Amino acid sequence: MNNTGQPSLLKKDGINFVIPFILVTSCFALWGFANDITNPMVKAFSKIFRMSVADGTLVQVAFYGGYFAMAFPAAIFIKKYSYKAGVILGLSLYAIGALAFFPAKVIGEYHAFLLAYFVMTCGLSFLETSSNPYILSMGPEETATRRLNLAQSFNPLGSLMGMYAAMNFIQNRLHPMDTAERAQLSQAEFEQIRDYDLNVLIGPYLWIGVAIVIVLILFLTIKMPKYSDNDHRVDFFPTLKRIFSIPRYREGVITQFFYIGAQIMCWTFVIQYGTRIFMAEGMEEKAAEVLSQKYNIVAMVVFCVSRFICTFILRYLNPGTLLKSLAFAACCFTIGVIYFNNIMGMYCLVAVSACMSLMFPTIYGISLKGLGDDAKFGAAGLIMAILGGAVLPLVQASIIDLGTVGNMPAVNVSFVLPLICFVVVAIFGYRSTRYKA
């Protein structure tokens, strides 16, 4: 407790967690960078390798597939060792995957980049599985959700840097030849332009790989709380049975699957959505893509500001109630995205980001409430739910590849999928206010 009688945010049992909190919170920005430099790469790889939107979306399958594959192995590792060990291994794999973009460029094959993404996100899976409950443990349980929301507030700052790097150091510097012209190239001409574009694309990934190595060194040298267990036995299936028998947790995992799918769909296909609108106004393809990414950056700024505002509101409002309200607003804006065929649709898509700002950490905090040491495995289940970011965008991409659905642009119709996801989030927000302690 602090001197106002309110539970402390970063102090527990006389221990001050400010420095560890700052260092772990930096990891939130680092994986935000990885997420949001990668979303525009669906369009970039589709153009570079002359592929369909669905084939380009394999970037997201590899990216979020790594989260899915490593979530429970990460939980077992953390159970046996500590949160700190999980963060260190996560940073190591993240760095290896990012630096692997150089040999992938030398190979020059799309699948080599997919492998680099997969390794990188195996590291991100360890990182998120460790960092989220690590933050929850750095103070009283009464302030856990608010503490996680504060840490998560720095995630969109990393996302903004990732979007900025994607726009200015990749999209703006790719060869200006559009998709239709590239389709007419001979194999030799195609390979020449492909190699030029890949040299551009790998730069930011190599720089972030170096930055990760520096952060890794800090974790190895600064004293951090470990939170290791005295009992290192891993009762895997009994633990899973126990936590999935809790409605709050079980429904939280399902909801997180749909929320992550909605988030990735809205931030990935804003490029396709905006490109269609701006090219219809007479803009050439590359300029339309860059302008769409600018709107994506605005959406992330809105997301970031909204995250801080909503974190403050959580001091006075039940998390489930706020979650339900924001999900309902997201549904309304997504309907606008579907039915508007002009710039109003882009404005609605930007507004959706304001509604999403609170969703991930609040679903996370509600789901893990009261799990105690089982939070290590509980966190893994919620990280596995990130698989929604691999599965649902692939479905949306398949719809976009249709071109038109009825008399409507297929890219507009495809946003029915995020709409369904936000309905699921709204239902969870409503039910979370009625769960028993």
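Counting restarts for each chain: residues are numbered from 1 in the order of the written sequence. Note on the predicted model: pLDDT of at least 70 is required for a residue's local features to be given, and 80 or more for side-chain atom pairs to be given and counted; whole-chain, interface and lining totals, by contrast, use all residues. Heavy atoms throughout the structure, all of them, feed into the side-chain values; hydrogens and water do not.

Participant: Any chance you could explain the packing of aromatic side chains here in plain terms?
Facilitator: Aromatic rings in a pair are described by how distant their centres are and how their planes are angled relative to each other. Side-chain rings of Phe, Tyr and Trp (the six-membered ring for Trp) are treated as a pair once their centres are within 6.5 Å; stacked means planes under 30 degrees apart, edge-to-face means over 60, and tilted covers the remaining angles. Taken as a whole, this structure holds 27 aromatic pairs when the rule is applied. Seen in terms of ring centroids, phenylalanine 77 and phenylalanine 126 are 5.8 Å apart; in terms of plane orientation they differ by 80°. Their pairing is edge-to-face. Linking phenylalanine 77 in helix H4 (residues 58-80) with phenylalanine 126 in helix H7 (residues 110-136), this pair joins segments that are 49 residues apart in sequence. Only protein chains enter the accessibility calculation, which uses a 1.4 Å probe; a residue whose area is less than 20% of its type maximum is buried, one above 50% is exposed, and one in between is partly exposed. Taking relative accessible area as the criterion, phenylalanine 126 reaches 6% and is therefore assigned buried. Aromatic pair tyrosine 117 and tyrosine 205: ring centres 5.8 Å apart, planes at 85°, arrangement edge-to-face. Placement of the pair is tyrosine 117 in helix H7 and tyrosine 205 in helix H11 (residues 187-221), with a sequence separation of 88 residues. As far as the burial class goes, tyrosine 117 and tyrosine 205 line up, both buried. Joined through ring pairs, the aromatic side chains of Phe45, Phe49, Phe63, Tyr64, Tyr67, Phe101, Tyr110, Phe113, Tyr117 and Tyr205 make up one cluster. Over a ring means this: the NZ of a Lys or the CZ of an Arg is within 6 Å of the ring centre and within 35 degrees of the ring normal. The residue whose ring lies beneath arginine 50 is phenylalanine 190, and the NZ or CZ to ring-centre distance is 4.0 Å. Runs of E in the DSSP output that reach at least two residues are strands. Runs of H or I that reach at least four are helices, and both are numbered from the N terminus.

Participant: Can you walk me through the nonpolar core in this structure?
Facilitator: Soluble globular proteins tend to pack their nonpolar side chains together in the buried interior. In this structure, Phe45, Leu91, Tyr117, Leu201, Phe219 and Met359 are the most contacted members of the largest nonpolar core, which totals 142 residues. In what follows, a contact means two residues having at least one pair of non-hydrogen atoms within 4.5 Å. Residues contacting tyrosine 117, with those up to four places away along its chain left out, are Thr38, Met41, Phe45, Val59, Ala62, Phe63, Phe101 and Tyr205. Among buried residues, those of type Ala, Val, Leu, Ile, Met, Phe, Trp, Tyr and Cys that are joined through side-chain atoms within 4.5 Å constitute a nonpolar core.

Participant: Could you clarify how one ought to interpret the environment of valine 215 in this entry?
Facilitator: Along the polypeptide, valine 215 turns up in helix H11. Since its relative accessible area comes to 14%, valine 215 is described here as buried. The spatial distance from the C-alpha of valine 215 to the C-alpha of tyrosine 94 is 11 Å, given a sequence separation of 121 residues. Those residues in contact with valine 215 that sit more than four places away from it in its chain are Ser26, Leu30 and Leu91.

Participant: What exactly am I supposed to notice about the confidence of the model for the chain here?
Facilitator: Note that predicted coordinates carrying low pLDDT should not be read in detail. Per-residue confidence from the prediction method is given by pLDDT, with values spanning 0 to 100. Mean pLDDT over the chain works out to 87, with 93% of the residues at or above the 70 mark. Within the chain, no element has a lower average pLDDT than strand E1 (residues 11-12), which sits at 64, and none a higher one than helix H17 (residues 343-356), at 96.

Participant: Quick question: what am I supposed to make of H4 here?
Facilitator: Since the α-helix turns once every 3.6 residues, residues separated by three or four places project in the same direction. Taking 1.5 Å per residue as the helical rise, H4 with its 23 residues ought to reach 33 Å, and the 33 Å between its terminal C-alpha atoms agrees with that figure. Along its length, H4 shows its largest kink, about 40°, at methionine 70, and proline proline 73 lies within four residues downstream of that point. What a helix is expected to span follows from its residue count: subtract one and scale by 1.5 Å. Two axes define the bend at a residue: one fitted to the seven residues ending there, one fitted to the seven starting there, and the bend is the angle between them.

Participant: Where do I start with the packing of helix H13 (residues 247-268) against helix H18 (residues 359-368) in this structure?
Facilitator: Describing two packed helices takes the angle between their axes plus the distance from one axis to the other. In this analysis an axis means a line fitted to C-alpha atoms, helices contributing only their contacting stretch, and an angle means the value between N-to-C directions, from 0 to 180 degrees. Their axes nearest at 8 Å, the elements H13 and H18 cross at an angle of 165°. With respect to H18, the axis of H13 lies roughly antiparallel. Here H13 runs over H18; the crossing is left-handed. Judged by residue contacts, Arg248, Tyr249, Gly252, Thr255, Gln256, Tyr259 and Ile260 of H13 engage Met359, Phe360, Ile363, Tyr364, Ile366, Ser367 and Leu368 from H18. Only Asp, Glu, Lys and Arg are considered charged, only Ala, Val, Leu, Ile, Met, Phe, Trp, Tyr, Cys and Pro nonpolar, and every remaining residue, Gly among them, polar. Of the residues in the contact of H13 with H18, the class split is nine nonpolar, four polar and one charged. The cut-offs work like this: below 35 degrees is roughly parallel, past 145 is roughly antiparallel, 65 to 115 is roughly perpendicular, and the gaps in between are oblique. Crossings are classed by handedness, with left-handed meaning an anticlockwise turn of the near helix from the far one by less than a right angle and right-handed meaning a clockwise turn.

Participant: Just checking my understanding: could you explain the packing of helix H14 (residues 270-280) against H17 for this structure?
Facilitator: Viewed as axis vectors pointing N to C, H14 and H17 meet at an angle of 160°, and their least axial separation amounts to 9 Å. What the angle tells us is that H14 and H17 run roughly antiparallel. Between H14 and H17 lies a crossing of left-handed hand. In this structure, H14 uses Val270, Tyr273, Gly274, Ile277 and Phe278 to contact H17, whose residues at the interface are Ile343, Gly345, Met346 and Leu349. Grouping the amino acids of the contact of H14 with H17 by side-chain chemistry returns seven nonpolar, two polar and no charged.

Participant: Which parts of the structure should I look at to understand the environment of proline 319?
Facilitator: Mapped onto the elements, proline 319 comes out in helix H16 (residues 319-339). Between the C-alpha atoms of proline 319 and threonine 255, which are 64 residues apart in sequence, the distance is 15 Å. Not counting residues up to four positions away in its chain, the partners in contact with proline 319 are Leu314, Thr362 and Ile366.

Participant: What am I meant to see in helix H2 (residues 41-48) here?
Facilitator: The element H2 is extensively covered by neighbouring structure, given that eight of its eight residues are classed as buried. For H2, the complete set of buried residues consists of Met41, Val42, Lys43, Ala44, Phe45, Ser46, Lys47 and Ile48. Directly beyond the C-terminal end of H2, a positive phi value near 55° is found at arginine 50.

Participant: Just to check I follow, could you spell out the side chain of serine 306 for this structure?
Facilitator: Residue position: serine 306 is located in helix H15 (residues 285-313). Taking the relative accessible area as the measure of exposure, serine 306 reaches 11% and is therefore buried. Among the polar contacts listed, one links the side chain of serine 306 to the backbone oxygen of alanine 354, at a separation of 2.8 Å. Residues in contact with serine 306, not counting those within four places in the same chain, are Ala354 and Ser357. Identification of polar contacts relies on pairs of N or O atoms within 3.5 Å, with a donor-acceptor requirement for protein atoms, meaning one able to donate a hydrogen and the other able to accept it, and with residues adjacent in sequence counted only if both atoms are side-chain atoms.

Participant: How should a nonpolar patch on the surface be read in this particular structure?
Facilitator: A contiguous nonpolar surface patch, about 980 Å² in accessible area, is contributed by Val18, Ile19, Ile22, Leu99, Trp207, Val210, Val213, Ile214, Ile217, Leu218 and Ile222. When residues of the nonpolar patch are traced back to their parent elements, those giving at least two are helix H1 (18-38) and H11. Of the residues forming the nonpolar patch, the biggest block, six residues, is contributed by H11. Along the chain, isoleucine 22 turns up in helix H1. Surface patches are defined over residues having more than 30% relative accessible area and no salt bridge, joining like charges when they lie within 9 Å and nonpolar side chains (Val, Leu, Ile, Met, Phe, Trp, Tyr) when within 5 Å. Areas reported here follow the Shrake-Rupley algorithm with a probe of radius 1.4 Å; residue values treat only the protein chains shown as occluding. We define a salt bridge as a side-chain nitrogen of Lys or Arg found within 4 Å of a carboxyl oxygen belonging to Asp or Glu.

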